[in-house]
Each structure stands twice: as structure tokens, then as C-alpha cells.
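The residues making up each chain are set out below.
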Amino acid sequence: MRVSQYFIPTLRDVPADAELPSHKLLLRAGFIRQQAAGVYAYLPLGWRVIRNVEQVIRSEMDAIACQELRLPTLTPREMLEETGRWDVPVVYHLQDRRKADFALGFTHEEPITEVIRHSVRSWRQLPTLLYQQQTKFRDEPRPRGGVIRTREFIMFDAYSFDRDEEGMDVSFWKFAQAYRNVFRRMGLPFVEAEADGGDIGDLDNREFLVLTESGEDTVLRCEEANWAANAEACACLPPEPLPAPANGNGQKPLELVSTPGMRTIEEVAGMLGAAPEHLVKTLVYVADGTPVAVLVRGDRELNEIKLRRHLKAKNLFLADEATVEKVTGAPRGFAGPVGLSGVRLLADYEVAVMRNFITGANQADAHYVHVNIDRDFAPDEYADLRVAVAGDRCPVAPEYTLTEARGIEVGHIFKLGTKYSAAMGATFNAEDGSTKAVQMGCYGIGNSRLLAALVEASHDDDGIVWHPEIAPFHVVIVLANVKDEKAQEAGTALHDALEARGIPVMLDDRDERPGVKFKDADLVGYPVRVVIGKGLAEGKVEIRARRDAGSSRDVPIGEAETAIVALLEELKGA
RNA sequence: CGGGGCGUGGCGCAGUCGGUAGCGCGCGACGUUUGGGACGUUGAGGUCGCAGGUUCGAAUCCUGUCGCCCCGACCA
């Protein structure tokens with residue numbers, strides 16, 4: 001391929017609305033263009049990377065006998081109503097000319113289960129693994145970060161169907177391994193993390209994240225134990241009990257203090273000269289219509305996912321001012337556990353070991369100091385309810401502490417059990433003659449998001465640095481001076497030789513100054529750059545790896561082909 | 001949905017006491033140039049997001065509306 005004939009609209013200036021490095025570079029290097037918020041066109045270079053990603057996934061799916069198919073993008077309303085998902089907020093709805101309702105596919109559990117329930121009758125047909133790579137539509141409240149979070153995106157989604165839970169387990173781990181292979185082949189540094197399954201299923205699930213500053217998710221890691229979890233799902237161990245003070249129980253007398261207008265933890269702590277961790281905040285939530293009060297140490301965040309799970313609540317939100325006042329008898333900012341009645345009172349484990357702390361007094365402009373559990377109040381129960389943070393003990397190896405990092409979720413795998421098969425009647429005849437619901441799993445990779453994650457993970461000040469496995473082209477041959485006929489001949493010959501070997505190669509034959517071509521080569525990120533220029537007089541060409549300017553070396557033109565092939569092999573391995 | 005910011009040639013921007021739009025890059029032509037985003041000459045390209053309003057006159061003032069970005073909520 002020749003650069004002069006290829007559509008590579010590179011930009012010198014960064015479009016003003018790009019902030020993330022990946023977004024800037026993908027725009028500047030001519031890989032993507034925006035059409036609307038969260039809606040992007042993939043230009044030839046970007047599309048080649050997407051196709052390479054698909055191809056890597058395809059080959060790993062072949063390896064586990066997972067078969068590619070193609071489900072419709074239009075999903076009939078009735079199908080989504082079977083599982084109660086027609087009204088999910090992110091679904092795009094539309095009507096045909098007869099006023100029949102359809103959704104644009106936002107995920108495909110229903111359509112795939114539809115296929116299975118009509119075609120799988122016997123245990124002998126299971127397990128079955130199926131996947132597709134297709135556009136998904138989700139009306140995201142806030143698209144962001146270029147191609148990281150979009151409303152229309154390309155996704156790999158796979159589904160497993162098994163006879164029983166053991167089989168589902170086997171399929172789940174097959175996919176986990178396939179995912180590792182996929183990301184490794186792309187040279188992508190990733191972590192596997194325990195995660196929250198959201199509403200998709202609350203069984204086992206596992207996230208694959210690329211660690212990068214600009215990630216949307218917070219990951220807590222224990223490198224010693226090789227363990228990680230998404231912060232929203234990371235368990236917190238109950239703290240060690242405090243050592244008993246020498247002088248009795250160490251409790252000071254309860255005291256009511258005036259704190260006019262001091263509502264936030266910072267304000268109260270500041271006024272009373274106490275550290276936030278000596279306060280306990282009392283949060284009032286409404287769970288399925290019933291108010292509950294929750295205690296968390298002042299410097300901690302309540303984890304709503306944990307609370308929702310603990311309460312087994314479908315609907316959970318922070319109470320409004322009026323409800324708070326009704327429950328506590330005080331305006332927002334002064335709620336406390338002392339004297340609180342008529343409401344279920346939960347406390348985070350950490351609160352159990354606190355002594356002489358500060359809380360709201362359930363009256364306007366007042367707080368209690370030296371509050372103590374049992375003496376002054378008693379929670380109905382304790383639970384793990386706070387958000388985990390760096391410095392916490394590792395839940396699986398408590399002798400180590402967790403560190404925090406940001407990550408982009410690029411893959412997520414779930415065990416579904418019979419959630420969808422039961423709802424949709426996907427059953428089969430088991431070996432013992434009974435009728436059972438199929439055990440399912442679902443598995444996703446954000447292909448288009450991966451494009452951004454790959455760039456976030458591999459770029460420098462000059463541009464993108466592609467791994468050969470997914471690079472749009474492996475090699476660029478730069479003709480320093482196109483007017484030089486000898487160089488042209490040599491470049492064309494080398495180009496043709498590499499192409500004949502099946503190596504995707506680009507010949508930069510534009511009538512531009514060399515500097516322009518070098519800048520573009522760096523920006524686009526070809527793993528290997530060959531320059532045919534001054535050295536040709538001595539029969540030499542320059543070869544260098546994009547990732548390492550210092551790797552530049554001159555080789556005799558006759559050895560260029562083998563040197564390039566060897567360099568590509570080296571780059572693939574590392 | 002709440003908060004903040006921004007809409008002016010393809011891209012980046014300037015242009016508010018209101019007077020009929022400018023700069024850089026890019027683009028076309030010609031010439032010189034050719035190892036890290038060259039230079040000269042010349043040329044094309046803009047209903048100033050849209051709709052109302054105020055005014056003799058609006059990119060500029062007022063009202064409304066649409067779009068885009070960022071933070072948060074949300075993220076099946």
C-alpha cells in the first residue's frame with residue numbers, strides 16, 4: 001500500500017474537545033472522527049485495528065470451540081419484556097411502519113436465548129459456546145473520552161450454555177483463559193479483578209482492566225497475593241478490636257455541643273478540632289420505600305452496592321431532606337444514632353471499634369461528642385458497608401495492604417445461571433429424563449473501547465506505538481526524497497517483497513519533506529520504520545522500532561527484508 | 001439530570017463602549033527546497049450553531065433553543 005493513495009487525514013493541531021491522550025492521538029493520527037456525542041466513524045486505519053482485534057479474538061475463540069454467529073440488531077419488544085428489560089434506561093426504542101416496537105441491541109442475552117430455546121432439546125447438545133462481534137447501542141447518560149464510552153460501539157459478546165453449574169463453571173474459566181490470551185497477544189498490560197455484576201447477574205464475575213491514569217474505574221490491588229478488585233466490589237475486612245485502655249473502658253461522658261450550621265464532616269471536624277475519622281456519619285437511605293439509617297466512619301465513603309446487597313433492596317437511594325427530618329427529627333447534617341428509633345440501624349464494621357466519637361444529635365445545630373456504642377446506642381447489625389481504599393488490608397491475604405490504581409474496563413465475564421433461561425423457557429431434557437433450565441454465562445469485550453485502551457497503554461509524546469499484532473500496518477518505508485529514482489526503486493522492491501510475505505506494509509511515496517513523513521510515521525505508530533535516504537549511496541537503509549528511537553541501525557539493502565522480519569518477530573514477542 | 005465551559009473558513013484561535021470578519025496551520029497553482037511538521041508569490045474558502053428580539057445598523061446586546069466538552073449522578 002502507498003501512503004499517497006491511502007486515506008490518512010492526520011492533524012497538526014489537536015481538536016479542542018479531546019482531552020485524553022488516546023482521544024487526541026486517534027483523532028490526530030486519522031483513526032477516528034466524531035459524528036455526534038458518543039458516535040464515531042472509524043477511518044481506514046482505525047478500522048484495520050478494529051479488524052485486527054476481531055481477528056485475535058476470533059482465533060482465541062476457535063481455540064475453545066466457541067463459534068461465531070450474527071444476531072439481529074433489531075430486538076422485538078416482546079423478547080425484552082420476557083426478561084423485564086424493555087424499559088432499561090439505556091435502551092434505544094423505535095417503531096416500524098406498523099407501529100411494532102423494537103429496541104436497538106444493547107446486549108444480546110435475549111436474542112441468543114431465543115435461538116437456543118428453539119434449537120436445544122437434549123443434554124447431548126450441551127455445552128454450546130457462541131459469540132458475535134457487532135455494534136451495540138446504549139443511550140449513555142454521558143459519553144466520554146473519545147471512544148472509551150460511546151453510545152454506539154463495537155463489542156464482542158459471547159454466551160455459554162451448559163447442562164449444570166459445574167459445566168457453567170468450566171465454560172466460565174475457559175473464557176477467562178481465552179481473555180488472558182487475547183490481551184497478552186496484543187501486548188496489553190491488564191489486571192483481572194473481582195467486580196460487581198450489576199444487574200446482569202450477581203453470581204461470579206470477573207473484570208479485565210487496563211491500568212491507566214485516565215481509567216473510569218478504581219482498582220484495588222494486592223501485588224503480593226496477585227489479587228485485585230474493582231473498588232465498588234472490594235470487600236473490607238472487619239478491623240482488629242482496639243486494645244483495652246489501661247484505665248477501665250476509657251469512655252468519657254456523653255456531651256452535647258452546639259454546632260450551629262455545621263453540617264458536613266469537614267465543618268464539624270474543623271469546628272471541634274477533631275480528625276474526620278473520629279466522627280461517625282449517619283446516612284439515611286430509602287430501601288424499597290423503607291428508610292434505614294447507616295453509620296460509617298467520618299472519613300469513609302458508604303458503598304451503595306454493598307448496602308443494596310446487604311438489604312437485598314431493588315431500589316435504593318439517599319433520603320431527601322423531608323424524609324431525613326421525619327426519621328431523625330433534625331435537618332440534614334445533624335442525624336445521629338443516639339436516641340434514634342423506629343428505623344433499622346446498620347453500622348459498618350469499622351464503627352464497632354470506635355470509642356468516644358462524634359455524631360449528630362438529631363437536633364438542629366448540635367452534635368454529641370464522646371459517643372460510645374452500647375452505652376449510648378446499639379446498632380441493629382454490623383456489616384461491610386464502606387468503600388475500600390488504598391491501605392486497607394487485602395481481603396485474601398490480610399498480612400498485605402492494598403494499593404489503588406485507575407483502570408479502563410475492557411472485558412467482563414459473568415456467570416448467569418438460569419436467570420435468562422428460566423425467564424425465557426430455555427430448557428432441555430437432562431440425562432435423567434428431567435427438564436432443566438440451561439445454565440448460562442455471558443462474556444463481553446469492548447472492541448472499540450479496546451482501541452482507546454491500547455493507545456492509552458502504549459504511546460509517547462510523538463504518537464501511538466502499536467504492537468504488531470494489532471497495528472494497522474507493520475512497516476512503513478519512508479522515501480526521504482521521492483525524486484531520487486534509485487531510492488524509489490529500492491523502496492518499491494522492498495515494499496513488494498514484504499507484501500509478498502503477507503506483511504502489511506506502507507510505502508510513504510508522498511512528495512513531502514522528510515520531516516513531515518517522520519512525524520506522520522511516529523504519529524500513526526507503525527511498529528517498524530524503514531528509511532531509504534542518504535545511506536542508499538553506500539547501499540544501506542535505516543531500520544528502527546517505533547518504540548525505541550535508539551534501536552535505529554543501518555543495514556545493507558540486501559539484508560533489509562530479513563532484518564525487518566526478525567525485528568517484527570522480536571516486537572511480537574516482547 | 002445537577003454543576004462548569006465552549007460554539008466564528010477543514011483544524012487551532014483572535015475579534016464586547018454595536019458600524020458589515022481576521023490570524024496561524026491546512027488546501028489549490030507556480031517556483032525554489034528535500035533526513036524531523038521548508039520558503040516565496042498567488043488563489044480559493046465563513047448565512048459568525050439556530051430562531052426570535054432591540055437598533056438606522058448585531059459575531060458583539062437581550063430572550064429562547066440546539067449542539068459539543070469536562071466534573072458529578074448514572075453506566076444491563
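Residues numbered from 1 in each chain as written. Chains lettered and ligands numbered in written order. Predicted model: local features only at pLDDT ≥ 70, side-chain atom pairs only at ≥ 80, totals over all residues. Heavy atoms only, no water.

**With respect to the sheet that holds strand S17 (residues 344-348)**
Part 1 of the argument: Strand order in the open sheet formed by five strands is S16-S14-S15-S17-S20, and the pairing between neighbours is mixed. In this open sheet, the two strands that pair with only one neighbour each are strand S16 (316-318) and strand S20 (381-383). Between one strand and the next, the sheet's axes are offset by a mean angle of 35°, whatever the strand orientation.
Part 2 of the argument: Note that S17 and S20 share three bridges and pair parallel. Within the sheet, the bridge partner assigned to Leu346 lies in S20 and is Glu381. (Pairing = 2+ DSSP bridges. Helix = DSSP H or I, 4+ residues; strand = E, 2+ residues; numbered from the N terminus. Axes fitted to C-alpha atoms, helices over the stretch in contact; angles between N-to-C directions.)

**What about the protein's contact with RNA strand B?**
Part 1 of the argument: RNA strand B sits among 43 residues. The nearest are Arg12, Val88, Arg149, Asp522 and Glu542.
Part 2 of the argument: Counting only atoms of RNA strand B within 4 Å of the protein, the fraction found in sugar and phosphate groups is 47%.
Part 3 of the argument: A distance of 2.8 Å separates a phosphate oxygen of RNA strand B from a polar atom in the side chain of Gln34.
Part 4 of the argument: Between RNA strand B and Gly145 there is a distance of 3.2 Å, counted from a phosphate oxygen to a backbone nitrogen or oxygen.
Part 5 of the argument: Here the surface near RNA strand B gets eight residues from one element, more than from any other, and that element is helix H12 (residues 514-524).
Part 6 of the argument: Of the residues that constitute the surface near RNA strand B, the class distribution is 15 nonpolar, six polar and 22 charged. (Near = heavy atom within 4 Å. Polar contact = N/O pair within 3.5 Å; in protein donor to acceptor, adjacent residues only side chain to side chain. Nonpolar A, V, L, I, M, F, W, Y, C, P; charged D, E, K, R; others polar.)

**Looking at unusual backbone geometry**
Part 1 of the argument: Note the cis peptide between Leu126 and Pro127, where omega equals 0°.
Part 2 of the argument: Examined against the element boundaries, Pro127 turns out to sit in the loop between helix H4 (109-119) and strand S7 (128-137).
Part 3 of the argument: The phi torsion at Asn226 lies on the positive side, around 55°, for a residue other than glycine.
Part 4 of the argument: Within the secondary structure, Asn226 is located in the loop between strand S11 (217-222) and strand S12 (227-230).
Part 5 of the argument: A relative accessible area of 73% places Asn226 in the exposed class.
Part 6 of the argument: At Asn362, a residue that is not glycine, the phi angle is positive and equals roughly 60°.
Part 7 of the argument: Relative to the helices and strands, Asn362 is located in the loop between strand S18 (357-360) and strand S19 (366-371).
Part 8 of the argument: In this structure Asn362 comes out as buried when scored by relative accessible area, which is 12%. (Buried < 20%, exposed > 50% of the residue type's maximum accessible area, 1.4 Å probe, protein only.)

**Quick look at the pattern of salt bridges**
Part 1 of the argument: A complete count under the given rule lists 39 salt bridges for this structure.
Part 2 of the argument: The partner of Glu240 in a salt bridge is Arg393, with the nearest N and O atoms 3.2 Å apart. With Glu240 in the loop between S12 and strand S13 (255-258) and Arg393 in the loop between S20 and strand S21 (403-417), this residue pair connects regions lying 153 residues apart in the sequence.
Part 3 of the argument: What makes Glu240 exposed here is its relative accessible area of 54%.
Part 4 of the argument: Residue Arg375 pairs with Asp376 through a salt bridge whose shortest N-O separation is 2.9 Å. (Salt bridge = Lys/Arg side-chain N within 4 Å of Asp/Glu carboxyl O.)

**A few points about the domain arrangement of chain A**
Often, the extent of an interface is quoted as the loss of accessible area upon association of its parts.
Part 1 of the argument: As assigned here, chain A comprises domain 1 (22-235 + 404-455), domain 2 (255-383) and domain 3 (473-573).
Part 2 of the argument: Each of domain 2 and domain 3 was reduced to a C-alpha centroid, and the two centroids are 66 Å apart. (Domains from an automatic or database assignment.)

**Here's the deal with helix H1 (residues 21-28)**
Part 1 of the argument: Turning to H1, its buried residues number three or more, namely Ser22, His23, Leu25, Leu26 and Leu27.
Part 2 of the argument: The inward-facing, buried residues of H1 contact strand S1 (32-36), strand S2 (39-42), helix H10 (447-457), strand S25 (459-460), strand S26 (463-464) and H12.
Part 3 of the argument: Positive backbone phi, approximately 80°, marks Gly30, located one or two places after H1. (Contact = heavy atoms within 4.5 Å.)

**Considerations on the packing of helix H2 (residues 44-63) against H10**
Part 1 of the argument: Packing of H2 against H10 leaves a shortest axis separation of 10 Å and a crossing angle of 110°. Taken together, H2 and H10 sit at an angle that is classed as roughly perpendicular. Together, Val49, Ile50, Val53, Glu54 and Ile57 of H2 and Asn447, Ser448, Leu450, Leu451 and Leu454 of H10 make up the contact between the two elements.
Part 2 of the argument: Within the contact of H2 with H10, the residues separate by chemical class into seven nonpolar, two polar and one charged. (Parallel < 35°, antiparallel > 145°, perpendicular 65-115°, else oblique.)

**Things to note about helix H11 (residues 485-500)**
Part 1 of the argument: For H11, built from 16 residues, the straight-helix expectation of 22 Å at 1.5 Å per residue is met to within 8% by its first-to-last C-alpha distance of 22 Å.
Part 2 of the argument: Those residues of H11 that fall on the buried side of the exposure criterion are Ala487, Ala490, Gly491, Leu494, His495 and Leu498. Projected onto a plane normal to the axis of H11, the buried residues spread over an arc of 130° and lie on a single side. Those residues of H11 that are exposed and angled more than 90 degrees off the buried face are Glu485, Lys486, Glu489 and Ala500.
Part 3 of the argument: Looking at the buried residues of H11, the elements they touch are strand S27 (475-479), strand S28 (505-508), strand S29 (528-532) and helix H13 (560-573).
Part 4 of the argument: With a side-chain oxygen lying 3.0 Å from the backbone nitrogen of Lys486, the N-terminal cap of H11 falls on Asp484.
Part 5 of the argument: Where H11 ends, the next residue or the one after it, Gly502, has phi of about 85°, a positive value. (Expected span 1.5 Å × (residues − 1). Arc of directions from axis to C-beta.)

**Remarks on the packing of aromatic side chains**
Part 1 of the argument: Under the counting rule described, the total for this entry stands at 13 aromatic pairs.
Part 2 of the argument: Residues Phe175 and Tyr443 carry aromatic rings whose centres are separated by 3.8 Å and whose planes lie at 15° to one another, so their mutual orientation is stacked. Taken together, the positions of Phe175 in helix H5 (residues 165-185) and Tyr443 in strand S24 (residues 439-446) put the pair 268 residues apart, joining distant regions of the chain.
Part 3 of the argument: Here Tyr179 and Phe183 contribute two aromatic rings whose centre-to-centre distance is 6.1 Å and whose plane-to-plane angle is 90°, an arrangement assigned as edge-to-face. Residue Tyr179 and its partner Phe183 are both found in helix H5; the two are separated by four residues, about one turn of the helix.
Part 4 of the argument: By relative accessible area, Phe183 is classed as buried at 0%.
Part 5 of the argument: Through pairs of rings, three or more aromatic residues link up here, namely Tyr131, Phe156, Tyr179, Phe183, Phe190 and Phe208. (Phe/Tyr/Trp six-rings, centres within 6.5 Å; stacked < 30°, edge-to-face > 60°.)

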